[in-house]
Amino acid sequence: WANIGDRPTRALRETCVEFTATSLVSLWRRPPMFAHARVPAATPVTSWRRSPRHPRRSRPSPVTRASIAEPTSIPPTVTTKAGTKQTAIVVGGGVGGLGIASRLAHAGYDVTILEKNLDTGGRCRSEAFAGAAAGYRFDTGPSLMLLPDRYREQFTAVGKKMSDYMTIDRVDPAYRAHFGDHTSLDLLYDTERMRSQLDEIEEGAGGRYIDWLGRARASLDYGVAAFIEKDANSILDFVDLRRVGPLALAVNPIDLLLPQFNQMKKYFKNEKLLALFSYQELYVGLSPYNAPGVFSLLAATELTDGVWYPRGGFDKIRQGLQKLADEEGVTTKLGAEVAEIVCEPLTETSKIKGSKAKQIVKGVRLESGEFIAADVVVANPDLPCVWDQMIAKETFPEAQKESDRWENADYSCSVIEFNWCLDKEVPNLLHHNVFLSGDYKGSWDRPAVIDDFAAPKQHNFYCHNPVYTDKTSAPSGGASIMVLLPVANLNEQKQICKKKGLPVPNEEDMVNAARKAVLRRFKEAGTDIEQNIVAENITTPTEWQQRFNIKHGAVFGLSHGLTQLAAFRPPVRTGIPQLDSPEVDGLHFVGASTRPGNGVPLVLMGVKVVFEKILKLHGAGVKK
């Protein structure tokens, strides 16, 4: 290991994966600050515009894009003597930040959330608009509520019931899949009806589906217990019988580690069915060809636990988490952008048992220059951005190495998001829809240049149509359609263009080409909506990067390949010094790019793990 550089070499990473696979198989055989305040987002004004192909309608006036943010009440003052509580600063008020804040406050910490935007929630939000878009509501971030028990656990952890904060409904059918040959199929919870549907496409597929679903569910149950509910601290976790034993006995480890495509082709031959049970890789920035087979658990989640919807949109989740933090006495400062997480070299051996840290966190410095001291700092921004932008390198050289390490790591896709206000409902769209290309393999190549959208190419994308379930999401007779079209992230796009010898295309040109491709695909599926778009709003990869501080605009964070999962996901904790991320006493991370991974339920599970770690390392909130 002596010659290992700052970032694991490909050979090393492959060696680690081989070690893991072999071992498992052997088991088988920012502006003013406001305390406790909520105000509408004051993000840059984005114009809603009519598609250029609608000349007969006048161009709508620009409208302000704003989160649906209801003012929250100031919680009762917590009566404590000055200096009796440990202080915790939470940088960023996304789902992870809100979740960890309420737990720490409940445990006795004096907690402050510092959020650079003028509303909390991060990407978890609903947005409403004025002008031609008045009355339409969009869930512009998460729109699928999976594993609802993980949401409930966040509330019960502080003695509350989620049902007192929001109402959730099961979406049935879970999805409608629109295939490239212009047929469609609904994903049903009724196993017998689902079996019958699949048998019509491929003889015997229904029975094999039941077998596959059972194994996928086992991957979910045992995989969550082994690697998601528990933190990863060593590469040896992969061969710890207490962790992986039940999983390895329930599911063939080879199927878990090899690409998902290898697993799926054992059950299905028809490419439509292969696409149907692997499109979930869209959500983790992978494809069936590089996603480990364990990711079949994504489909198992949707088809067994179900897909749910918070009545009134995903802002109800943001509101609920914010209210929970308020009630626990958390101070939320909006428009408070953190310029630096202040760390200092330790002058003596760490006082924390088992710590290898050479640095200790002292607090944060805001863009305004104000310094706020803290005993604990929890960073919620995209983790690579924390090392890149928020930690001074002069007195912490390891921080520069860590920043460089993640610069060219494997990242998920970015997306071009279209929010379309329609003046009619669309009968053949369910609440959740996926459009799947007829080119099963080629469709997983992320578009990076204009020609990637040229006809007759089809693309995989997701379409949210909440009016199917919730009529309040659009004016009577209308629909609010949100499309997430995966594209190359900004760094990936540069690399692809360099390899092809092409300049990086203008982002507006990419958007125009993407719009045409999506609308063409709708029309092919018998849903010509182009003439019914009265207003549109678009979020581009650059906007994702700038608005939410997401590295390379990769909306699902770091990719979830084997070399970036569990102990290999930052902060890396393999037990091999040359591979591990630097430790800082008092600094912790939550969010999509840290363990266990992206998605609201996984982030909330990560919050629980980090909270328990903080209590173990630093104790409860009352100072000793």
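All figures in this text were calculated on a predicted structure; none of them were measured in a lab. (Residues numbered from 1 in each chain as written. Predicted model: local features only at pLDDT ≥ 70, side-chain atom pairs only at ≥ 80, totals over all residues. Heavy atoms only, no water.)

Spatially, 5 strands are ordered 10-3-2-14-21 in an open sheet, and the strand pairing comes out parallel. The sheet is open, and its two edges are formed by strand 10 (331-334) and strand 21 (587-589), each paired on a single side. The sheet shows a mean angle of 20° between the axes of neighbouring strands, direction not considered. Summarising the sheet, strand 3 (residues 110-115) and strand 10 pair through 4 bridges and their orientation is parallel. Note on strand 10: the bridge partner recorded for Ile 113 is Thr 332. Packed onto the sheet, helix 17 (residues 600-618) meets strand 14 (376-379) and strand 21 and runs at close to 165° relative to strand 21. (Pairing = 2+ DSSP bridges. Helix = DSSP H or I, 4+ residues; strand = E, 2+ residues; numbered from the N terminus. Axes fitted to C-alpha atoms, helices over the stretch in contact; angles between N-to-C directions. Contact = heavy atoms within 4.5 Å.)

Okay, the pattern of salt bridges next. One pass over the structure, following the stated rule, counts 26 salt bridges. Between Lys 551 and Asp 388 there is a salt bridge, and its shortest N-O distance comes to 3.2 Å. With Lys 551 in the loop between helix 16 (541-548) and strand 20 (584-585) and Asp 388 in helix 12 (residues 383-390), the pair connects residues that are 163 residues apart, well separated along the chain. We note a salt bridge from Lys 471 to Glu 425, for which the minimum N-O separation is 3.1 Å. Here Lys 471, found in the loop between strand 17 (461-464) and strand 18 (479-487), pairs with Glu 425, found in the loop between strand 15 (414-422) and strand 16 (432-435); they are 46 residues apart in sequence, far enough to count as distant. A residue is classified by how much of its surface remains accessible, and Glu 425, at 34% relative accessible area, is partly exposed. When salt bridges with common partners are traced through the structure, they connect Lys 160, Glu 327 and Glu 328 into a single cluster. (Salt bridge = Lys/Arg side-chain N within 4 Å of Asp/Glu carboxyl O. Buried < 20%, exposed > 50% of the residue type's maximum accessible area, 1.4 Å probe, protein only.)

As a packed pair, helix 12 and helix 13 (residues 397-407) sit with axes 9 Å apart at the nearest point and diverge in direction by 135°. With respect to their mutual orientation, helix 12 and helix 13 come out oblique. Remark: the crossing between helix 12 and helix 13 carries left-handed chirality. Here Pro 384, Trp 387 and Asp 388 of helix 12 come into contact with helix 13, specifically with Ala 399, Glu 402, Ser 403 and Trp 406. Taken together, the residues that form the contact of helix 12 with helix 13 break down as 4 nonpolar, 1 polar and 2 charged. (Parallel < 35°, antiparallel > 145°, perpendicular 65-115°, else oblique. Left-handed = near helix turned anticlockwise from the far one by under 90°. Nonpolar A, V, L, I, M, F, W, Y, C, P; charged D, E, K, R; others polar.)

Once that is clear, we can look at the pairing of strand 7 (residues 175-178). Of the two faces of strand 7, the one holding Tyr 175 and Ala 177 and the one holding Arg 176 and His 178 are both buried throughout. Between strand 7 and strand 8 (residues 184-187), which pair antiparallel in sequence order, lie 5 residues; one of them, His 182, sits at a positive phi of approximately 75°. In terms of strand pairing, strand 7 meets strand 16 through 3 bridges, oriented parallel. Its bridge partner being in strand 16, His 178 is matched across the sheet by Phe 435.

Reading across the sheet, the 7 strands line up as 8-7-16-17-18-15-19 and stay open at both edges, with mixed pairing between neighbours. The open sheet has two edge strands with one neighbour each: strand 8 and strand 19 (533-539). Between one strand and the next, the sheet's axes are offset by a mean angle of 20°, whatever the strand orientation. Packing of helix 16 onto the sheet brings it into contact with strand 15, strand 18 and strand 19, and relative to strand 15 it is tilted by some 100°.

Before going further, it helps to spend a moment on the packing of aromatic side chains. By the definition in use, this model includes 20 aromatic pairs. Summarising the aromatic geometry, the rings of Trp 387 and Phe 589 are spaced 6.0 Å apart at their centres and angled 35° between planes, so their arrangement reads as tilted. Placement of the pair is Trp 387 in helix 12 and Phe 589 in strand 21, with a sequence separation of 202 residues. Judged by relative accessible area, which is 9%, Phe 589 ranks as buried. The structure contains a cluster of three or more aromatic residues connected by ring pairs, namely Tyr 209, Trp 212, Tyr 267, Phe 268 and Phe 277. The residue whose ring lies beneath Arg 170 is Tyr 189, and the NZ or CZ to ring-centre distance is 3.7 Å. It is Lys 441 that lies over the ring of Tyr 289; its NZ or CZ is 5.5 Å from the centre. (Phe/Tyr/Trp six-rings, centres within 6.5 Å; stacked < 30°, edge-to-face > 60°. Lys NZ or Arg CZ within 6 Å of the ring centre and 35° of its normal.)

This part is about the nonpolar core. Judged by nonpolar contacts, the single largest core of 54 residues is most densely connected at Trp 212, Leu 276 and Phe 277. Top element by residues in this core is helix 5 (residues 205-228). It accounts for 5 residues. Among residues more than four places away in sequence, those in contact with Leu 276 are Ala 177, Phe 179, Leu 185, Leu 187, Met 194, Leu 198 and Leu 436. By size, the runner-up hydrophobic cluster in this structure holds 37 residues, among which are Leu 321, Leu 604, Val 607 and Val 610. (Core = buried A, V, L, I, M, F, W, Y, C linked by side-chain atoms within 4.5 Å.)

Okay, the confidence of the model for the protein next. For the protein, per-residue confidence averages 84 on the pLDDT scale, and residues scoring 70 or more make up 83% of the total. In the model, residues 1-82 has pLDDT below 50 throughout and makes 196 contacts with residues more than four positions away in sequence or in other chains. (pLDDT = per-residue confidence, 0-100.)

To continue, consider helix 13. Three- or four-residue spacings in an α-helix give side chains the same orientation, since the helix completes a turn every 3.6 residues. Within helix 13, the full set of buried residues consists of Ala 399, Glu 402, Ser 403, Arg 405 and Trp 406. Buried residues of helix 13 fall within an arc of 155° about the axis and therefore sit on the same side. Against helix 12 lie the buried residues of helix 13. (Arc of directions from axis to C-beta.)

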